[in-house]
Amino acid sequence: MNLVLCLTEQCNLRCTYCYYKESQAARQTVMDDATLEQSIKIALERTLFFKQFYLNITFFGGEPLLRKETIYKGVGIAKALVAEAIDSGRAEPNFKLQFAVNTNGTLFDDEFFDFCEREKFRIFLSLDGPKHHHDIARRTVNGNGSFSSIEKNIPRFLKYGVLVLSTVTQAHVNTLFESVKWLHEQGFQSITTSVDFDGKWTSEDFDKLALQYQKMALYWKECRQKGDKFFLGTIQDKIKIALINSRYRLYSCHVYNGAIGVATNGNIFPCTRFITSQKDTPYVQGNVFTGFDEEACGKIREFLDSDKKECDGCDIRYRCCAHECACTSYYTTGSIEGVAPEVCTHERMLTEICDRLVAY
Ligand code: SF4
Ligand code: SF4
Ligand code: SF4
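Anyway, here's the lowdown on the structure attached to this text.

About the cut-offs
- Residues numbered from 1 in each chain as written.
- Chains lettered and ligands numbered in written order.
- Predicted model: local features only at pLDDT ≥ 70, side-chain atom pairs only at ≥ 80, totals over all residues.
- Heavy atoms only, no water.
- Axes fitted to C-alpha atoms, helices over the stretch in contact; angles between N-to-C directions.
- Helix = DSSP H or I, 4+ residues; strand = E, 2+ residues; numbered from the N terminus.
- Parallel < 35°, antiparallel > 145°, perpendicular 65-115°, else oblique.
- Contact = heavy atoms within 4.5 Å.
- Nonpolar A, V, L, I, M, F, W, Y, C, P; charged D, E, K, R; others polar.
- Pairing = 2+ DSSP bridges.
- Right-handed = clockwise from strand over helix to strand, strands pointing away.
- Buried < 20%, exposed > 50% of the residue type's maximum accessible area, 1.4 Å probe, protein only.
- Salt bridge = Lys/Arg side-chain N within 4 Å of Asp/Glu carboxyl O.

### Some thoughts on the packing of helix H7 (residues 176-186) against helix H8 (residues 203-225)
- Following both chains from N to C, one finds H7 and H8 inclined at 25°, their axes separated by 8 Å at the closest point. Considering the angle they form, H7 stands roughly parallel to H8. Mapping the contact onto sequence places Leu176, Phe177, Glu178, Val180, Lys181, His184 and Glu185 in H7 and Leu209, Gln212, Tyr213, Lys215, Met216, Tyr219 and Cys223 in H8.
- Of the residues contributing to the contact of H7 with H8, the split by class is 8 nonpolar, 2 polar and 4 charged.

### Let's talk about the pairing of strand E3 (residues 96-103)
- In the sheet, strand E2 (residues 54-60) pairs with E3 via 6 bridges, with the strands oriented parallel. Pairing of Leu55 across the sheet is with Leu97, part of E3.
- One crossover worth recording links E2 to the parallel E3 by way of helix H2 (residues 68-87), and it is right-handed.
- Sheet topology note: the E3/strand E4 (residues 122-126) ladder contains 4 bridges and is parallel. The partner of Val101 across the bridge, within E4, is Ile123.

### A word on helix H9 (residues 233-243)
- Counting buried positions along H9 yields 8 of 11 residues, so the element is predominantly enclosed.
- For H9, the full list of buried residues reads Gly233, Thr234, Ile235, Gln236, Asp237, Lys238, Ile239 and Ile241.
- Buried positions along H9 lie against strand E6 (190-195), H8, strand E7 (231-232), helix H10 (248-252) and helix H14 (341-359).
- One or two positions beyond H9, positive phi appears at Asn245, with a value near 55°.

### What about the pattern of salt bridges?
- Applying the stated criterion to the full structure yields 20 salt bridges.
- Between Asp33 and Lys73 there is a salt bridge, and its shortest N-O distance comes to 2.7 Å. Note that Asp33 is positioned in helix H1 (residues 33-49) and Lys73 in helix H2, a separation of 40 residues in sequence.
- Looking at Asp33, the relative accessible area reads 35%, which means it is partly exposed.
- For Lys299, the salt bridge goes to Glu295, with nearest N and O atoms at 3.9 Å. Of this pair, Lys299 and Glu295 are both found in helix H11 (residues 294-304), 4 residues apart, which corresponds to roughly one turn of the helix.
- For Glu295, a relative accessible area of 59% puts it in the exposed group.
- Through salt bridges with shared partners, one network takes in Arg247, Arg249, Asp307, Arg317 and Glu324.

### Considerations on the sheet that holds strand E8 (residues 260-262)
- Read across the open sheet, the 9 strands follow the order E7-E6-E5-E4-E3-E2-E1-E8-E9; overall the sheet is mixed. Single-partner strands in this sheet number two, and they are E7 and strand E9 (268-269).
- Sitting on the sheet, H1 touches strand E1 (2-6), E2, E8 and E9, and the angle it makes with E1 is about 165°.

### What to know about the pairing of strand E5 (residues 163-168)
- Within E5, 5 of the 6 residues are buried, which leaves the element mostly enclosed by the surrounding structure.
- Sheet topology places E4 next to E5; 3 bridges connect them, and they run parallel. By the bridge assignment for E5, Ser126 is matched with Leu165.
- Relative to E6, E5 runs parallel, the two being bridged by 6 bridges. For Leu165, the partnering residue across the bridge sits in E6 and is Thr192.

Below, the structure written as structure tokens:
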């Protein structure tokens, strides 16, 4: 089971492509200790109920490192609850508890790095590339680029072995390949890029992006042929799903395994992009204090077991984010059933490039 905890909706950055966009400055809520503890309890109970043997807890935001003390507490609570479950025989002795953090990388210090190392955290670092590329969108509250606050931490991130998440907008498209190569040349071995689908991508933008993807695909292939285990998720995931004859939902979608995301007010959601403390929001799956709304959870499961009508007969539907990823559908169309034309265009283009790479 994957549990994503939104510790705070606050952030020290104002990225132009933030999920929260214009409302970022107005979002001030934080998760209190009672909600933290209850979220971990309910997730562990659900994990044991589903007879799963692992619990992955991801600290999320806003920027979760604004709440370092809460992360320390959360780890302590989770370890104590799992130990109790093992001692009482409710969990297997080899039950696995793992932690992760999604971060903008600006607030790390040695103490927090040491803590992550000790607790074997996985770190998902948002870093778009070198300064001129990264600072296009990832800006501080004052409008300055944030690269210089991450730069000092790069040697330790490299030593640690983080997964770099890089976001692409129309403004980044011409320097995408160069930036991915730069990240790899610094020593980052795991990188994945994702597109900020904002409804404004034109066919010219997609042509430019296709050129960048072709270069990335060839570069990745060359690295692999030289024995470099470089992971480039953008290309590799599409290829792997085809080779193992699986589907995206089964290969890497945590929602399929009953993942839960908890907002600062304790409301439960199916995945990251849904999480908000705002009222009257769709896809709430319950609250950590009142329990799961099984009818709402059932609707998500029903959705995951079905195919989208718009995609009927499409050969690549099981490798397509517009078809397979509830988050992508939700943030691009406002509904998990929706299909955004620009995601459809993107997925066809990227899949073709990946398939050609395998063929030649
Ligand atoms: S670091 Fe993340 S949460 Fe903060 S503004 Fe940027 S995208 Fe939004
Ligand atoms: S819904 Fe999308 S983002 Fe969420 S776990 Fe599944 S594939 Fe990943
Ligand atoms: S490429 Fe388009 S038609 Fe095919 S599965 Fe994706 S969204 Fe549906």
